[in-house]
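Overview (structure and organization)
Below are the chains, spelled out letter by letter.
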Amino acid sequence: MSENKMIYLQPTPVRIWHWLNALGIVTLCITGIQIRFPEFMAIFGSYKTAIMLHNTAGIVVSLSFSLWFFYYKMSGKLAKIYVPKPDELKYGLVRQAFFYFFRYFRGDPSPHHATPDNKFNPMQKSAYLAIMFVLMPLVALTGILLMNVTPLRELILLSGGLKILVAVHFLLACSLGAFLFTHVYLATLGRTPTAYIKPMWSGWEETEGDEAEVHH
Amino acid sequence: MKETENLLLLIAGITLLAVAAAHAGEEGYSYGSIEGKSDTCLACHRDGKAVAPRYRIDTGQYNHTSHARIGCAACHDGISPGHPADRIVSKKTSCNQCHRDTAEEYGRSKHAGKASCGDCHNPHQVSAPEEISGQEMNRMCASCHSKEAMEARHAAWLPQADLHLGMLPCVTCHTASENYLITLHIIKRDGDNPYGEFRLATFAELDKLAEGKDIRSLIDTNSDTYISLEELRQFNQKQNQRLLRLQGVMVPEQVTHDFKALESRWNCTFCHASGPKAMQRSTLALPERNGSFTRIDVEKGAVLEALGSTPDFYMTGATRNATLNKVGLAIIAGGLVMPVGHGFLRFVTRKNRKERSHRHE
Ligand code: HEM
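As the structure is a prediction and not an experimental result, all values here were calculated from the model.

Residues and elements named next belong to chain A. Neighbouring the ligand are 28 residues, the closest being H18, Y72, Y82, K119 and H183. With respect to the ligand, the side chain of H18 contributes an N or O atom lying 2.6 Å from a nitrogen atom. Y82 places a polar side-chain atom, nitrogen or oxygen, 2.3 Å from an oxygen atom of the ligand. For the shell around the ligand, the elements supplying multiple residues, two or more each, are α1 (12–36), α2 (47–75), α5 (122–147), α7 (162–186) and α8 (197–202). When residues in the shell around the ligand are grouped by element, the largest group, seven residues, is from α1. By residue class, the composition of the shell around the ligand is 20 nonpolar, seven polar and one charged.

Below, the discussion takes up unusual backbone geometry. All names here are of chain B. A cis geometry characterises the amide bond from H83 onward to P84, with omega recorded as 0 degrees. Even without being glycine, E211 reaches a positive phi, approximately 50 degrees. With respect to the helices and strands, E211 occurs in the loop between α12 (203–210) and α13 (229–237). Backbone geometry at S223 places phi at a positive 50 degrees, although glycine is not the residue there. Looking at the secondary structure, you find S223 in the loop between α12 and α13.

If you look at the interface, chain B gives 51 residues, while chain A gives 47 residues. At the boundary of chain B with chain A, total buried surface from both sides reaches about 4,200 Å², with 61% on carbon and sulfur atoms. Joining chain B to chain A, the criterion identifies three salt bridges. The salt bridge involving R320 of chain B is made with E39 of chain A; its shortest N-O contact spans 3.1 Å. At the boundary of chain B with chain A, the tally comes to 26 residue pairs in polar contact (both at pLDDT 80 or more). With 14 residues, the top contributor of residues to the side of chain B that touches chain A is helix α15 (residues 322–348) of chain B.

Attention now goes to the pairing of strand β4 (residues 282–287) of chain B. All names here are of chain B. The buried fraction of β4 is high, at six of six residues. Pairing geometry for β4 and strand β5 (residues 293–298), over six bridges, is antiparallel. Opposite L286, over in β5, you have T294 as the bridge partner.

In this section: the confidence of the model for chain B. Here chain B shows a mean pLDDT of 84. Residues at 70 or above account for 87%. Two summary scores accompany this predicted model of the complex, namely pTM at 0.86 and ipTM at 0.86.

Attention now moves to the nonpolar core. Nonpolar side chains in soluble globular proteins tend to be buried together. Counting 31 residues, the largest nonpolar core has I186, L246, M250, M279 and L284 of chain B as the members making the most contacts within it. For this core, the secondary-structure elements that each account for two or more residues are β1 (180–189), α12, α13, β3 (244–252), β4 and β5 of chain B. Sort the elements by how many residues they give to this core and β1 of chain B lands first, with four residues. Once residues lying within four places of it in the same chain are set aside, the contact partners of I186 of chain B are R199, L200, A201, L206, I219, F235, L244, R245, L246 and L286 of chain B. Core analysis: the second largest hydrophobic core is formed by 22 residues, V14, L28, W68 and L135 of chain A among them.

Once that is clear, we can look at the coordination of the iron atom of the ligand. By definition of the ideal shapes, a tetrahedral metal site with four donors has angles of 109.5 degrees and an octahedral site with six donors has angles of 90 or 180 degrees. Residues and elements named next belong to chain A. Within the first shell, the iron atom of the ligand binds the protein through H18 (NE2) and H183 (NE2), at distances of 1.9 to 2.0 Å. Around the iron atom of the ligand, the six donor atoms sit at angles spanning 84 to 179 degrees, and that spread fits a shape best called octahedral. In this pair, H18 is assigned in helix α1 and H183 in helix α7, connecting sequence segments 165 residues apart. Given a relative accessible area of 14%, H18 falls into the buried group. What makes H183 buried here is its relative accessible area of 18%.

The rules behind each value
Residues numbered from 1 in each chain as written. Chains lettered and ligands numbered in written order. Predicted model: local features only at pLDDT ≥ 70, side-chain atom pairs only at ≥ 80, totals over all residues. Heavy atoms only, no water. Near = heavy atom within 4 Å. Polar contact = N/O pair within 3.5 Å; in protein donor to acceptor, adjacent residues only side chain to side chain. Helix = DSSP H or I, 4+ residues; strand = E, 2+ residues; numbered from the N terminus. Nonpolar A, V, L, I, M, F, W, Y, C, P; charged D, E, K, R; others polar. Contact = heavy atoms within 4.5 Å. Buried area = accessible area lost by both parts, 1.4 Å probe. Salt bridge = Lys/Arg side-chain N within 4 Å of Asp/Glu carboxyl O. Buried < 20%, exposed > 50% of the residue type's maximum accessible area, 1.4 Å probe, protein only. Pairing = 2+ DSSP bridges. pLDDT = per-residue confidence, 0-100. Core = buried A, V, L, I, M, F, W, Y, C linked by side-chain atoms within 4.5 Å. Donors = N, O, S within 2.8 Å, 3.2 Å for Na, K, Ca; no water. Tetrahedral: all angles 85-135°; square planar, octahedral: opposite > 155°, others 65-115°.

Written out as structure tokens, the structure reads:
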């Protein structure tokens, strides 16, 4: 091994947010299945428990989402970290995809080098942008409306009725579920399967000289 | 042999007829038309000036009842010839005389000592369960069980108690019925105000909107006394949707009189996991001039449609849409492409990456 550098990649608020969020979303997915398909699934005992758990997890995820948002907003890094630059959209995406689906199998290093200010490759940026700025706010919003049907009826009617909210909430939840599979899988694509998961836990990432991370 | 058989058949037939006749006569009153049966009394009693307000009978609400067809005298059989000048208080037949089964059932219930028939029913304004809105049924209970107190009491264990108590008449949970159905009511913004509260639309309001046609034509555009999914969709899309909309209420098919807290209703899955099959039937309840409601059959599966038919009625778990389920499954399957496809190639090419890291050491 050539000299290894440690860089502080994931600040504490982001890590707290991330694992609260992960726990919350997994709970939401499982209780959500029970709520929509009660005949086929009763992991959490009674239907009412599933609903209570789903509501609680929903609130926790919404709050931790706000934590994440305000942390990045205050630190002024939101746009830098999450919004892909025109160049990245034009060439970066293709280069990164080419890496994932071809060069990775040959054993080549990732074209992206993670730094605290630029920790995501263009594919990550695009995916996280969609997840964090479109999917998450919309699921949270529809969820909050569905939790308070009577008090918020007028807003529900404005959106086109309960059924459209349910449809949007359900399909977005499925999309988050789909993201989750991909995301967890990609998290194992580091030098070792836990190379990316450790920094998300401890904050510190070990980089190998200039052969920087195959950051997913 | 043949003759004995015929004889037996004859005897059986007569017995059947006798039983039927006994049953028909059980009430002891014929109730064909309302003609003439109440006219003499109503000459004074329909008029708020001839009698004190508390003695006035609202003929609009009385005339359509089954009780109007048996007439005043059937119940008030002690009216003296000198009435009202003689001030003799007339005898009132009790409900039990004619409604023996109901009275017995109610008598056995825990609620029997708590309220009498007259506390819930006004004998001059009775309706069959299918002629009455859930709200009006709840008004029967509200005189003793106030809305606020009930919301607080049920909210202790029932999520979104306000929503449940708004969409389920009390009797749906507190009386036993074999089956339930969704009745769709037309509700309307108060006073044509686009921000007004929604209330059950009255006959007069809908009559105005129908512009001279039968109010049924507001939804039943082809006048076949049957509401198709297409007709529901059209209704929901129409301009007046901002003022009018459909509200689904879950009602029991039969109302029994064993009012109690049922163990099964405590379990949400009684309604929410009944499976989409249970939610096939719905009816449309249209108001009548006399304040009662008429139900019209709605095509099967209206409340199960993804969006169009009942855009604002959804029972979680029970009225999920099958097409949406498939779309959702496809999305999730899409998310598995990366782990499965990439994972496979990754496994096949694992040697390449090992060589690389060796080269570096
Ligand atoms: C148990 C499941 C999960 C695991 C194992 C996991 C793993 C990871 C790892 C290792 C990282 C750091 C790598 C990177 O910077 O990209 C990360 C970052 C991230 N994850 Fe997850 N994750 C999980 C669930 C989720 C869920 C449910 C969501 C959102 C719905 C999510 C959204 C994100 C986002 C937006 C980032 C970037 C965070 C930042 O640095 O700003 N993760 N995840």
